[in-house]
Amino acid sequence: MDVLVENFTRGESESAKNEIATGLVSGRFALHAFVESLGPALTSQRVESRANGTKLLADVLHAAHPLHLQPIEVNLLVEFFCNRLNDRHIVVPHVLSGFLAIAMYHKLAEGQAKTICHEIFREVQMQALPQRDRLSFYNLSAIFLEKYVDEIKEIGGDFVFGYIQAMDGEKDPRNLVICFRTVKCIVNSLSFDMFAEELFEVVACYFPIDFSPPPNDPHGITKDGLVLGLRRCLAATGKFAKFCVPLLIEKLTSNVKSAKVDSLLTLNACCNVYTASDLAPFLEELWLKIRKEIFHALHQEVQEEALNSLQAVTRALSATVIKADAENFLEKYLETILKELKADINDSEYRRIHISGKVIQRLAAASDPACYYVVNTTLPDLLGTYTQISLSSHQRTILETLLGLLSSAQCHSNEGVSSPFLLHKDPLLMTLYTTLNHSDSAVICTGISCLVALMRLPRLLREEELVVTSRNFILLLLGEHEDAVKKEIKEALSVLSTISSEITERAVVQPLLHILNIGNDDSDSELATWLSVVQSAKISVKDVVTTLTALCTSHDLLKTIIPKLLEFLAGLLQSDRSLDERAVWGKTLLDGLASVVQERQSMSSEYFKELLLPHLIGVAVETALREANEEIGLFSSISILTSMCSCVKFIVSSVDIGSQKEIVDSIGSLFLGKSCTLLPIIPEGTFQPLELTSHWKQTQLICFLTSVTCHANREVVGANHSDLVEKLFHLALNSEHDFTRVEAAKCFGGLVNRTPTGEALDSFLTTTSNQLYTLMENASVDLQARERALTVYLWLCRALVTRSHPANQSLVEKLIDLFETDLFRQAAEGFQVILSDSDDVISNYKVANVKLMYKQHFFLQTVPKLVKKFNETNEDKKEPHLKALSCILLAVPKEVLRAELPSLFPLLMMSLSSSSIQTRKISLSVLLPLIADVPLFFSQHVELLIANFVQLARHPDDMKIRVTALQCLCLLATLPHHTIYPHKNRVIRELSETLDDKKRLVRKEAVKCRSLWFLLGDLPS
């Protein structure tokens, strides 16, 4: 050990401290032996030796922190370091480091913390020390305030004064972070009344913070961290108020935006701590400064923070209202402000009205007492002003102010306390009712929002007033208004349904049902009288139906509305309206039901299963059995069937797995012509949609089978699974009805996808794929039959690719081989079927066997084969390879494409010259996001890209190609300047033709694109 100590004190070995620390922790060295070895250095006449010895002792204490020191050892070390504080200045930093090591890792004896503080404050000139050593003191002070606060309290005034002296003049941001934190602790823990001003001044001198950290700062000091630390100090106690508020008022006169914002944010923080008495002497001056920033701000951010500060001050003043014996500063403050605002509200200048409205809203939002005072003072003036002014913009501003007041009252509403609007309810309602007849839809929408906010206020509107309000909404709904107004009304009625389902049913639901002629016959005379008024209005059935579905916010309302809507849906069959009109109504209703099921499934999933599911499938089946003709009826319309299937899909996915299994088994039996527990009214053997001999109105209902079996949990495999797969396969291959054939193929693929892995599946796949491929490659077979086989084959491929089945690649290779046949076009486009994202079948891992990253695996396995085939194929056979490649590239994630872009780029360029419009369109869609993601790569091929994009921007046959090509040219304009500037004049010249394109969207994109290229500056000389 002696050798290690001697080497270190001579400055020959920096590693000695680690070796000694390791020895002390392991027990190989003893602490007393180490100190004895240090003796010559610590008592040396040479100051450098004493400094080195003290440094080694401090460093070892830091490095050996797991070492447990005995109290007597701690006492000796503390006493030694205290004595060393009066040594020369080069020794003192190491003493502070030693104190820090002891305080951090060991327990001080009682009174030692006080002793250390006294000695440091007496002997050390802190600002004469380097930054690192000052940081040691600041960390030591923070530890004392955390671990020995009771001791520090005994010397409270001395500690505060000493710390102020030590911190005074500190400039290093690394130290200030600790200083600000420590000052906050001093304020919270110690008595500092004698030095309140000095403590404030020592931190306030840094306000506002102006600091920009150096790039790649290893210390992680940020301006925000310093700003927040200082702000916490200034807002730490109300004792700083008489110093801080004048400082903030002074800084608000600054012309620097950041200083204004910082001052306002700090004032906001202070108001959470300062009391009304603290703020009272400065209220008038504060309002003058804040008003200036609100009404004359040059920056939106400053105005917003000024409004926040106004609200914070008002909130702080509100505390005095609660105390009966306290002076009411709030009322005097608000009176001064509102007296000035009254003149602004009646001003003809829109901006002053608008800003005054914002101020009123913020004052009311501050607190409950403020809300009461503001409402009672300003509401009569606001209502009077609304009736006197005629400009729609001014009226809307007044209504927005009313809406803000109502929202504030809602936030501050308390049980047992009357609303501030109670005294003004009648004139307010009358004014808001008049807004519903306004000619400006924006005013109407704002008026509706105000009425909704009024309805939300508890215990304010009586039942009859809610009824009148809802009827006004209905009359507005049935009138000829813009969609925005009707959307607002539907949302308002939906809110009413959450407030009172009973009133909603009586005052809204029943009238709307009567309008559809499906209401109850036992309606009261008052309702009948009112309905006579409504019936004279021009009724939009679509609006009524969408409103009813929006009102299904509770289970009770849902049980009232859903059966009636189903009754209306059934009644559409006998309606004498045109098929197109009935189809629009039916689709609207079914889409509404689908959204209700999706949004309310957790609340009423069993109800949907028991009532809605059987009804939808039942009405479709009964209609198909009854209408055995070629005429397209309501429930044989594909759009109606699609909407019905959406409802069924959501219902199935909402119930538990046990219920899903029950539904899947029941529907499977129904479609196989067996008896069905879900629809017992359908006689066994009458409904056989999977038979080729059945009418197309029956067979197309396979879409219901798809919605049930392919949207249940992927673990659900029905009892009739194998029979259904066989029947669907046969039907998809042989049906002459297009919709039936495609739906059968989809359902077949969905069922194969969820078939359990095993020998049975492998055998089935081998047999089926061979049968399909033999059929497709046989040129002697009818082309339509081969195309049907290809459709089934594609869905079989999708089923296997998504689950990453080992057989998928052999099927895809055979699909590529079809490029040599007359099915090449359909086979190439089939890659889109295999990889496209769909909500229909095999959509996600919950309802299908979908493996993670299956697209990436498919890309890596398939693209090399496609490229190889492309290179080996004659020129006249290359087209399908390009199309297939484009479909794959469009489907896979961009991250995959970026890695393979160099090898794929030539093929993408060839695709842009393809004779197929679809291939060009897909290739452009692939390139568009890549240009933005990989600009450096495309910078190397600018000339080639510009030539292709300019040509496609004038494509004669497809608008989408022209628009996308122009968008690509826009992105090229953002590439490095030196690569694109030489082509500027060419692009501008050749795009002039697109400015006269016959399509508006193309002209719009062309103007944007040419402008970007025009703005390219000259190359720097």
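Computed from a predicted structure; not experimentally measured.

The next point concerns the nonpolar core. In summary, soluble globular proteins display a tendency toward joint burial of nonpolar side chains. Grouped together as the largest cluster of nonpolar side chains are 360 residues, with contacts concentrated most on Phe704, Phe938 and Trp1013. When residues in this core are grouped by element, the largest group, 18 residues, is from helix α32 (residues 579–626). Setting aside residues no more than four positions away along its own chain, tryptophan 1013 makes contact with Ile946, Leu969, Leu972, Ala973, Ile980, His983, Lys984, Val987 and Ile988.

Position of leucine 100 among the secondary structure elements: in helix α6 (residues 92–105). The class of leucine 100 is buried, set by a relative accessible area of 8%. Taking the C-alpha atoms as reference points, leucine 100 and leucine 772, separated by 672 residues in sequence, lie 82 Å from one another. Excluding residues within four positions of it along the chain, leucine 100 makes contact with His62, Ser136, Asn139, Leu140 and Ile143.

Attention shifts here to the packing of aromatic side chains. Inspection of every chain in the model, using the stated rule, returns 24 aromatic pairs. Ring centres 6.1 Å apart and planes at 65° place the aromatic pair tyrosine 138 and tyrosine 163 in the edge-to-face group. Of this pair, tyrosine 138 sits in helix α8 (residues 131–147) while tyrosine 163 is found in helix α10 (residues 156–167), placing the two residues 25 residues apart along the sequence. Both residues of the pair, tyrosine 138 and tyrosine 163, count as buried.

The omega angle of the peptide bond from phenylalanine 207 to proline 208 is -10°, so this bond is cis rather than trans. Residue placement: proline 208 occurs in the loop between α12 (196–204) and α13 (223–234). Its identity is not glycine, yet serine 804 carries a phi of approximately 55°, on the positive side. On the basis of relative accessibility, which here comes to 35%, the residue serine 804 falls in the partly exposed class. In this structure, methionine 853 is a non-glycine residue whose phi angle is positive, near 60°. Its place among the elements puts methionine 853 in the loop between α42 (824–835) and α43 (854–872).

A cluster of basic residues, Arg1000, Arg1003, Lys1004 and Lys1008, forms a positive patch on the protein surface. Tracing the chain through its elements places arginine 1003 in helix α52 (residues 1000–1014). Residue class for arginine 1003 comes out partly exposed when judged on its relative accessible area of 30%.

On to the pattern of salt bridges. Applying the stated criterion across every chain yields a total of 45 salt bridges. Between arginine 50 and aspartate 87 there is a salt bridge, with its nearest N and O atoms 2.9 Å apart. Residue arginine 50 is found in helix α4 (residues 47–63), and its partner aspartate 87 is found in the loop between α5 (71–84) and α6; the two are separated by 37 residues along the sequence. The buried category is assigned to aspartate 87, whose relative accessible area is 16%. Between aspartate 591 and lysine 587 there is a salt bridge; the shortest N-O distance is 3.6 Å.

In this section: helix α21 (residues 350–366). For α21, which comprises 17 residues, the first-to-last C-alpha distance of 25 Å matches the rise-based estimate of 24 Å (1.5 Å per residue) to within 8%. For α21, every residue scored as buried is listed here: Ile353, Ile355, Ser356, Gly357, Val359, Ile360, Arg362, Leu363, Ala364 and Ala366. Residues of α21 that are buried sit in contact with α17 (283–295), α18 (300–317), α20 (329–345), α22 (368–388) and α23 (392–412).

Below, the discussion takes up the packing of α8 against α10. α10 packs onto α8 with a crossing angle of 155° between their chain directions and a minimal axis gap of 12 Å. Considering the angle they form, α8 stands roughly antiparallel to α10. In this structure, the crossing between α8 and α10 has a hand that is left-handed. On α10, the residues touching Phe137, Tyr138, Ser141 and Leu145 of α8 are Phe159, Tyr163, Ala166 and Met167. When grouped by side-chain class, the residues that make up the contact of α8 with α10 number 7 nonpolar, 1 polar and no charged.

Look at helix α2 (residues 16–26) against α4: their axes get within 9 Å of each other, and the N-to-C directions meet at 50°. Classified by the interaxial angle, the pair formed by α2 and α4 is oblique. Handedness of the crossing formed by α2 with α4: right-handed. Contacts between α2 and α4 involve Lys17, Asn18, Ile20, Ala21 and Leu24 on the former and, on the latter, Leu56, Asp59, Val60 and Ala63. Here the contact of α2 with α4 is built from residues that sort into 6 nonpolar, 1 polar and 2 charged.

Right, let's get into the environment of asparagine 18. Tracing the backbone through its elements, the reader meets asparagine 18 in helix α2. For asparagine 18, a relative accessible area of 42% puts it in the partly exposed group. Sequence separation of asparagine 18 and valine 963 is 945 residues, and the distance between their C-alpha atoms is 70 Å.

The next point concerns the environment of valine 374. Turning to its location among the elements, valine 374 is positioned in helix α22. Once the C-alpha coordinates of valine 374 and leucine 363 are considered, the two residues, 11 residues apart in sequence, prove to be 7.1 Å apart. Those residues in contact with valine 374 that sit more than four places away from it in its chain are Leu334, Leu338, Ile360, Leu363, Ala364, Leu379 and Leu405.

How each quantity is defined
- Residues numbered from 1 in each chain as written.
- Predicted model: local features only at pLDDT ≥ 70, side-chain atom pairs only at ≥ 80, totals over all residues.
- Heavy atoms only, no water.
- Core = buried A, V, L, I, M, F, W, Y, C linked by side-chain atoms within 4.5 Å.
- Buried < 20%, exposed > 50% of the residue type's maximum accessible area, 1.4 Å probe, protein only.
- Helix = DSSP H or I, 4+ residues; strand = E, 2+ residues; numbered from the N terminus.
- Contact = heavy atoms within 4.5 Å.
- Phe/Tyr/Trp six-rings, centres within 6.5 Å; stacked < 30°, edge-to-face > 60°.
- Patch = residues over 30% accessible without salt bridge, like charges linked within 9 Å, V, L, I, M, F, W, Y side chains within 5 Å.
- Areas by Shrake-Rupley, 256 points an atom, 1.4 Å probe, with all protein chains shown as cover.
- Salt bridge = Lys/Arg side-chain N within 4 Å of Asp/Glu carboxyl O.
- Lys, Arg positive; Asp, Glu negative; His and termini not counted.
- Charge placed at Lys NZ, Arg CZ, Asp CG, Glu CD.
- Expected span 1.5 Å × (residues − 1).
- Axes fitted to C-alpha atoms, helices over the stretch in contact; angles between N-to-C directions.
- Parallel < 35°, antiparallel > 145°, perpendicular 65-115°, else oblique.
- Left-handed = near helix turned anticlockwise from the far one by under 90°.
- Nonpolar A, V, L, I, M, F, W, Y, C, P; charged D, E, K, R; others polar.

Taken by themselves, the reported measurements are silent on function.
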